[in-house]
Structure formats: structure tokens, C-alpha cells
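Chain residues, written in single-letter form:
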Amino acid sequence: MMSRRRIDSRSCPPGLFGEIQTPIRTEPLDSLYDMTSELGRGKFAVVKKCVEKATGKEFAAKFLRKRRRGRDCRAEIVHEMAVLEAARNNSRVVNLHAAFETDHDIVLLLEYAAGGEIFDHCVSDEPLPERQIIRLIRQMLEGIHLLHQSGVVHLDLKPQNILLTSLSPLGDIKLVDFGLARKLGTAGELREILGTPEYVAPEILNYEPITTATDLWSVGVIAYMLVAGESPFLGEDKQETFLNVSQVNVDYCRDAFSQVSELAVDFIQKLLVKAPEDRPSAAECLSHPWLWHLGPESESSILRPPRERSMGKWAVPPEDCEDKENFLDSPYAKRVRLEEAVGEGCL
Ligand SMILES: Nc1ncnc2c1ncn2[C@@H]1O[C@H](COP(=O)(O)OP(=O)(O)OP(=O)(O)O)[C@@H](O)[C@H]1O
């Protein structure tokens with residue numbers, strides 16, 4: 001038996017996708033999959049590794065609670081599924097294999113990323129070699145560029161949501177967790193964009209419109225963490241962290257920066273700027289000289305390397321210049337309700 005697949009547009013908040021193709025199946029999950037270890041958990045979800053009995057294939061089963069704080073959150077879950085479906089051809093995004101419904105949860109059967117989170121490489125005593133950092137950042141940007149081109153902003157990019165297909169050898173990245181993702185150009189008020197304080201962009205703190213540039217801020221934070229092994233804005237408490245973000249208080253003098261090309265600092269500095277409109281797009285980032293100065297490694301790229309590259313100049317492919325127009329152009333509020341987020345203890 002399959003459940004209703006179209007969510008009534010009145011129950012679908014603005015900015016969310018309301019239609020999915022993947023059937024939500026109701027047969028017992030454990031008749032088809034063996035659950036093994038827990039891979040991770042968030043506020044309203046648990047992710048478990050599982051094996052499909054029929055094929056022996058491994059998957060990650062994400063159990064999303066249908067009711068949260070007494071509210072039916074089915075529309076949000078359907079939205080997360082729809083974003084994954086929209087990104088089906090984006091090989092940097094985890095694939096949605098199937099979906100099931102239990103009494104309390106909707107369970108997404110996702111492609112299993114066996115290499116864990118890149119977070120582990122951000123806090124490790126042994127930082128990744130620069131060549132690997134560059135390869136991972138390029139892949140992240142490729143994935144984000146394709147998402148933005150398809151009209152989606154992720155809005156929750158952090159090292160915990162960037163997974164690896166394998167650990168040794170270090171595999172390719174897979175973007176996960178599209179719970180906060182939104183479509184671009186949506187009318188209406190975005191009330192529930194939350195984030196993790198250390199990764200949140202200044203425009204979110206300032207109630208300014210959300211754009212594709214918000215994801216590029218996160219790329220800057222992640223690049224900093226991969227190079228420096230520390231979070232750039234993390235303070236003693238939430239307030240200090242927010243202050244560091246809003247003042248863009250970043251220390252580029254850490255020892256780790258002397259171990260990598262000076263181009264790395266240039267790249268990160270171009271992203272960690274307060275005004276979203278002054279940040280480069282994902283396509284523009286992909287032509288930054290830092291990402292190419294050690295050689296193209298084109299076999300790991302799904303996009304063409306930039307046509308023009310030079311060390312002293314940051315070339316921009318002209319066909320991608322319209323990226324910056326991709327604003328969430330709500331005619332009215334489209335502000336992030338930070339008080340709500342803080343009030344609910346989500347930030
Ligand atoms: N496809 C996957 N393969 C392997 N591990 C996964 C996969 N999806 C998620 N995980 C693990 O589970 C964790 C939580 O997943 P996810 O971020 O999707 O859940 P969430 O509840 O939405 O999280 P949050 O509350 O932080 O937004 C991830 O950080 C990751 O460690």
C-alpha cells in the first residue's frame with residue numbers, strides 16, 4: 001500500500017517542495033532490511049546502517065519523526081525527499097533509494113557513505129594533505145553549483161553534513177541533510193531556517209534575505225576548518241560565537257596556514273565576507289587558483305576545469321555569471337526568525 005504522495009499545497013509551507021515521485025511504502029521495514037549500527041543522529045532523526053536482504057547492499061536508513069513538538073512535520077519530510085529527488089542527477093548528493101512509513105517515522109533509505117563525516121578530518125591531529133583538501137572542496141563546490149543551478153540552496157552545510165564514500169583511500173564527497181534546504185525564488189516568509197551557531201552566516205543573524213551566497217559562506221567555514229583544524233568563529237558560548245560571526249572575526253595567523261599555499265587564505269578570505277553579494281558564486285570559486293595550483297586531478301571532477309586559469313588572476317567563466325541573481329526573492333518578509341530559533345533552543 002502506498003500513501004498519499006501529493007501534499008496539499010495549503011499544508012506545504014512556502015519555500016518547500018510539495019510533490020514527490022518516490023512511493024512511501026508501508027510494509028514492515030525489517031522484512032526487507034537488517035538494521036545494524038547507528039551512524040548518527042540529529043534532533044529529530046536517527047540514521048542507522050542497514051543491509052537490504054534481497055541484494056546484500058548497504059544503505060543508511062534515516063528515521064525522521066513525523067511529529068515534532070506536537071506538530072505534524074510530514075510536509076517537511078516530503079520536502080526533504082523532494083529535494084533529494086531534484087538532485088538525483090547530482091553525483092555529489094546522496095541518492096534516495098526508497099522510503100517507508102512506520103507508526104512514528106518516515107524512513108529514508110539513502111545511499112550509504114562509508115567514509116564518515118569530513119568533520120572527523122577537521123578535528124583530527126593529522127590534517128589532510130592540501131591536495132586532498134583541495135579535491136574535497138572542489139567536489140563540494142561542484143555539488144553546490146549544481147544544486148544552485150537547479151534552484152536549491154542547502155542552508156545547513158557543515159562538516160557533519162559532508163560525508164565521504166570511503167575512508168581509505170579517501171573517497172568522494174556526498175552532501176546530506178536537506179532538511180533546511182529551500183527552493184530559490186519562492187514567495188513567502190521563511191520562518192524556520194535554523195542553523196548551528198558556528199556555521200551560521202551573518203545575513204542569517206541579521207534577518208537579511210537568504211541567497212545562494214549563504215551556502216558559500218559555509219564553504220569558507222569548512223575550508224578554514226579543513227586547513228586550520230579549528231572552527232573559525234567558535235567562541236566560549238553562543239553569544240560570543242554570534243559576535244565573532246557578525247564581526248567576521250577570523251584568525252588567519254594559525255600555524256596551519258603556513259603549511260599550505262597562501263592561495264588558501266585568499267580563497268577563504270573571499271568567502272568569509274559579511275556582504276553576501278560580495279562573495280563569489282560556486283562557479284566562480286571553482287576557478288579560484290588555489291583549487292588548481294597543484295594540478296587539475298580532473299578524474300575526480302564532474303565539471304570541466306575552468307577554461308582560463310592563471311595564478312595572479314581569478315578567472316570567471318562568463319556563462320555562470322547569472323548565478324548571483326538566484327535570490328530567494330520573496331516580496332515580503334523572507335527573514336529568518338532568529339528569535340524563534342533561539343527560543344526553541346535550536347541555535
Ligand atoms: N547516507 C549516509 N551514510 C552514512 N552516514 C550518514 C548518512 N546520512 C547521514 N549519516 C550520518 O548521520 C548523521 C545525521 O544525519 P543528518 O544530518 O541527515 O540528520 P539530521 O537529524 O537531519 O541532523 P541535524 O539535526 O544535525 O540536522 C550525519 O551527520 C552522518 O554522520
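Rules used in this analysis
Residues numbered from 1 in each chain as written. Predicted model: local features only at pLDDT ≥ 70, side-chain atom pairs only at ≥ 80, totals over all residues. Helix = DSSP H or I, 4+ residues; strand = E, 2+ residues; numbered from the N terminus. Buried ≥ 20, exposed ≤ 12 C-beta atoms within 10 Å, placed from the backbone. Contact = placed C-beta atoms within 7 Å. Axes fitted to C-alpha atoms, helices over the stretch in contact; angles between N-to-C directions. Parallel < 35°, antiparallel > 145°, perpendicular 65-115°, else oblique. Left-handed = near helix turned anticlockwise from the far one by under 90°. UniProt positions renumbered as here; feature names shortened; annotations may be inferred. Near = placed C-beta within 6 Å. Nonpolar A, V, L, I, M, F, W, Y, C, P; charged D, E, K, R; others polar. Core = buried A, V, L, I, M, F, W, Y, C linked by C-beta atoms within 7 Å. Domains from an automatic or database assignment. Pairing = 2+ DSSP bridges. Arc of directions from axis to C-beta. Expected span 1.5 Å × (residues − 1).

**Remarks on the overall build of the chain**
Along its length, the chain carries nine helices and 12 strands. The burial tally for the chain puts 41% of its 347 residues in the buried class. Contacts spanning at least 24 positions in sequence make up 69% of the contacts within the chain whose residues lie at least 6 apart.

**Things to note about the packing of helix α5 (residues 213–228) against helix α7 (residues 262–271)**
Put simply, α5 and α7 touch, their axes get as near as 8 Å, and they point 150° apart. When the axis of α5 is compared with that of α7, the two are roughly antiparallel. Both α5 and α7 take part in a crossing whose hand is left-handed. Across from Leu 216, Trp 217, Val 219, Gly 220, Ala 223, Tyr 224 and Val 227 in α5, the residues of α7 making contact are Ala 264, Phe 267, Ile 268 and Leu 271.

**A closer look at the UniProt feature "binding site: ATP" (unreviewed entry) in the chain**
Here the UniProt feature "binding site: ATP" (unreviewed entry) sits at Lys 62. Each residue touching Lys 62, except ones within four places of it in the same chain, is listed here: Ala 45, Val 47, Val 107, Leu 108 and Leu 110.

**Here's the deal with the site of the ligand**
Around the ligand, the structure places 22 residues, and the nearest of them are Gly 40, Gly 42, Ala 45, Ala 60 and Asp 177. Going through the elements one at a time, β2 (33–41), β3 (45–52), β4 (58–65) and β8 (105–111) are the ones with two or more residues in the shell around the ligand. Across the shell around the ligand, the residue classes tally to 11 nonpolar, five polar and six charged.

**A word on unusual backbone geometry**
Here the bond from Ser 168 into Pro 169 is cis, since omega is 5°, no more than 30 degrees from zero. Tracing the backbone through its elements, the reader meets Pro 169 in the loop between β10 (162–164) and β11 (173–175). With phi around 60°, Tyr 207 is a residue other than glycine that occupies positive phi space. Within the secondary structure, Tyr 207 is located in the loop between α4 (202–205) and α5. Note on Tyr 207: 13 C-beta atoms within 10 Å, which makes it partly exposed. One non-glycine residue, Val 248, lies in the positive phi region at around 45°.

**Thoughts on the nonpolar core**
The tendency in soluble globular proteins is for nonpolar side chains to be buried side by side. With 89 residues, the main nonpolar core has Met 81, Leu 108, Val 219 and Ala 223 as its most contacted residues. Ranked by residues supplied to this core, first place goes to α5 with 12 residues. Counting the residues that make up this core, at least three belong to each of domain 1 (4–111) and domain 2 (116–344). Discounting residues that sit within four places of it in the chain, Val 219 has contacts with Met 140, Leu 141, Ile 144, Leu 157, Leu 271 and Cys 285.

**As for the sheet that holds strand β7 (residues 96–101)**
In sheet architecture, strand pairing relies on hydrogen bonds along the backbone and comes in two forms, parallel and antiparallel. Overall, mixed pairing links the six strands, which are arranged β1-β7-β8-β4-β3-β2 in an open sheet. Sheet topology places β1 (24–25) and β2 at the edges, where each strand pairs with a single neighbour. Here seven bridges tie β4 to β8, and the two strands are oriented antiparallel to one another. Bridge pairing in β8 links Ala 61 to Leu 109. Relative to the sheet, helix α1 (residues 74–86) contacts β4, β7 and β8, its axis offset from that of β7 by approximately 165°.

**As for α7**
Along α7, the positions that sit buried rather than exposed are Ala 264, Phe 267, Ile 268 and Leu 271. When α7 is viewed along its axis, its buried side chains cluster within an angular range of 90° and face the same direction. Considering only its buried residues, α7 is in contact with α5.

**Side note on α5**
Given a rise of 1.5 Å per residue, 16 residues ought to cover 22 Å, and the 23 Å separating the end C-alpha atoms of α5 matches this to within 8%. Among the 16 residues in α5, 16 count as buried, and that is most of the element.

**Describing the pairing of β4**
A regular strand carries its side chains on alternate faces of the sheet. Pairing between β3 and β4: seven bridges, direction antiparallel. Note on β4: the bridge partner recorded for Val 51 is Glu 58. Taken together, β3 and the strand that follows it, β4, pair antiparallel across an intervening segment of five residues, in which Gly 56 is found at a positive phi of about 75°.

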